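So you can see what is in the structure, the chains are spelled out below.
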Amino acid sequence: MINKVVADAQAALHGLTDGMTLMLGGFGLCGIPENSIQEILRLGVKNLTCISNNAGVDDFGIGLMLQTKQVRKMISSYVGENAEFERQLLSGELEVELIPQGTLAERCRAGGAGIPAFYTPAGYGTEVGEGKESREFNGKMYLLETALHADFAFVKAWKGDTAGNLIYKGTARNFNPMMATAGKITVAEVEELVPAGELDPNQIHTPGIFVQRIFQGKDYEKRIEQRTVRPATI
C-alpha cells in the first residue's frame, strides 16, 4: 500500500534550500499552507521565488516571509492587503511579476499538464504584454504565456488520505489544485488525515499521484483578510 505520510512540516520540507522556486496555494488567507510557511520561516532559507495568488498580509502567511527578507521574487496576481509587499515593490527591494489572475491559474495548470505555453487575450496592449510574443487568431490578438513550475509546491486541503488524495473545501479550490500538479515535490498539509480508501473517489480533487508528501497540520488560525458585517439591528 502506498503511504506518503510524513510526521510533520519539518519532515515534509526536507531538501528545501536557498534559491528555490515555491508555489504556495490559497486565495487571500483562505486555504494557505500555514504549517509549511511556519517551517520555511524556521529554516531561514533565502532568495526564494514564490508563486502565489497574493502575498498574505503583513503579519500572516507569505507576508511573514517578506518581513524576514526570505523572498527574492514574487510571482502573483495582486499586492492585496500587504503594506510590506507594496513597500518592497515600490523601493525595488523585491522583484515582482504581476500576472492577471486567470493567466496565473492557467500557467500553473499548464505546468502540471505538460503544456509548455499557451495563448491568451488577457493583458494584450498593456504593460503585461511588453516583451511577449503576440499572435492574431480570428481577428483578435493574443499573448503567448509560458507554463510555471516549482521545486516545491505547498498546498493545504481539508481532508486527505495516506496515499496523498486530497479534498479541498470552498475557496481553497481556487489555486491549490493547479499548484499541486506543478511541483517537483508537492507537499500537502491537511486538517484531517484518513486511511486510504476512506475518501469517496468521486469527491477527490487532487489525485495522490501528484503528491509526494502529506501530513496532518495543526493549530490553524484560518484568518479572514477582510471581515465585513452588517450593523447590529435593534
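This structure is a prediction, so every number in the text was calculated from the model and none was measured.

**Student:** Quick question: what am I supposed to make of helix α2 (residues 34-43) here?
**Tutor:** Residues lying three or four places apart along an α-helix face the same way, a consequence of the helix completing one turn every 3.6 residues. Counting buried residues along α2, seven of its ten residues qualify, which places the element largely inside the surrounding structure. Among the residues of α2, E34, N35, S36, I37, E39, I40 and L41 are the ones counted as buried. Backbone geometry just downstream of α2 places G44 in the positive-phi region, at approximately 75°.

**Student:** Please explain helix α5 (residues 101-113) as it appears in this structure.
**Tutor:** Taking 1.5 Å of rise per residue, the 13 residues of α5 would be expected to cover 18 Å, and the 18 Å separating its terminal C-alpha atoms lies within 8% of that figure. Those residues of α5 lying buried are T103, L104, A105, R107, C108, A110 and G111. Directly after α5, the chain includes G114, whose backbone phi takes a positive value near 80°.

**Student:** How should I be thinking about the nonpolar core in this particular structure?
**Tutor:** Nonpolar side chains in soluble globular proteins generally cluster together in the buried interior. In terms of nonpolar packing, the biggest core is built from 31 residues, with L22, I40, M65 and M74 touching the most fellow members. Of all the secondary-structure elements, those providing two or more residues to this core are α1 (9-12), β1 (21-24), α2, β2 (48-51), α3 (62-67), β3 (71-76) and β8 (150-161). The dominant element in this core, judged by the number of residues it contributes, is α3, at four residues. Setting aside its immediate chain neighbours within four residues, I40 contacts L13, L16, L22, L24, V45, L48, M65, Q70 and F154. The next biggest cluster of nonpolar side chains, apart from the first, holds 24 residues, and it includes I75, L104, C108 and M179.

**Student:** Explanation requested: the packing of aromatic side chains in the structure shown.
**Tutor:** Centre-to-centre distance and the angle between the planes together describe a pair of aromatic rings. Taken as a whole, this structure holds three aromatic pairs when the rule is applied. On the basis of an interplanar angle of 65° and a centroid distance of 5.1 Å, the ring pair of Y119 and F137 is categorised as edge-to-face. Here Y119, found in strand β5 (residues 117-120), pairs with F137, found in strand β6 (residues 134-137); they are 18 residues apart in sequence, far enough to count as distant. We classify Y119 as partly exposed; its relative accessible area is 27%. Take F137: its relative accessible area is 30%, and that puts it in the partly exposed class. Aromatic side chains F137 and Y142 sit 5.5 Å apart centroid to centroid with 85° between the ring planes, which places their arrangement in the edge-to-face category.

**Student:** What's the story with the environment of M179 in this structure? I'm lost.
**Tutor:** Secondary-structure assignment places M179 in helix α6 (residues 176-180). Separated by 32 residues in sequence, M179 and A147 place their C-alpha atoms 11 Å apart. When near neighbours in sequence (up to four residues on either side) are disregarded, M179 contacts M23, L24, G25, I51, S52, C108, A153, V155 and T186.

**Student:** Is there a simple way to explain the pairing of β2 in this structure?
**Tutor:** Regular strands have side chains that alternate between both faces of the sheet. Covered by surrounding structure in β2 are L48 and C50 together with T49 and I51, the residues of both alternating faces. Bridge count between β1 and β2: three bridges; the pairing is parallel. Looking at β2, one finds that T21 is bridged to T49. Tracing the backbone out of β1, into α2 and back to the parallel element β2 gives a crossover that is right-handed. Pairing of β2 with β3 involves four bridges; the strand directions are parallel.

**Student:** Quick question: what am I supposed to make of unusual backbone geometry here?
**Tutor:** Glycine aside, a negative phi is what most residues show, and trans is what most peptide bonds show. The backbone phi angle of N47 is positive, close to 55°, even though this residue is not glycine. You can see N47 is positioned in the loop between α2 and β2. Looking at N47, the relative accessible area reads 45%, which means it is partly exposed. Positive phi, normally seen in glycine, also occurs at D219, with a value near 55°. Here D219 shows up in the segment after β11 (213-216).

**Student:** Help me understand the sheet that holds β5, please; the structure alone is not making it clear to me.
**Tutor:** Across a sheet, strands are paired by hydrogen bonds formed along the backbone, either parallel or antiparallel in direction. Taken in spatial order, the three strands of this open sheet run β5-β7-β6, and their pairing is antiparallel. Edge positions in the sheet fall to β5 and β6, since each has one partner strand and no second. The sheet shows a mean angle of 35° between the axes of neighbouring strands, taken without regard to direction. Inspection of the sheet shows β6 paired to strand β7 (residues 140-146) by four bridges, in the antiparallel sense. Bridge assignment links E136 to a residue of β7, and that residue is M141. The sheet strands contacting α5 are β5 and β7, and the helix crosses β5 at an angle near 155°.

Rules behind the numbers
Residues numbered from 1 in each chain as written. Predicted model: local features only at pLDDT ≥ 70, side-chain atom pairs only at ≥ 80, totals over all residues. Heavy atoms only, no water. Buried < 20%, exposed > 50% of the residue type's maximum accessible area, 1.4 Å probe, protein only. Helix = DSSP H or I, 4+ residues; strand = E, 2+ residues; numbered from the N terminus. Expected span 1.5 Å × (residues − 1). Core = buried A, V, L, I, M, F, W, Y, C linked by side-chain atoms within 4.5 Å. Contact = heavy atoms within 4.5 Å. Phe/Tyr/Trp six-rings, centres within 6.5 Å; stacked < 30°, edge-to-face > 60°. Pairing = 2+ DSSP bridges. Right-handed = clockwise from strand over helix to strand, strands pointing away. Axes fitted to C-alpha atoms, helices over the stretch in contact; angles between N-to-C directions.

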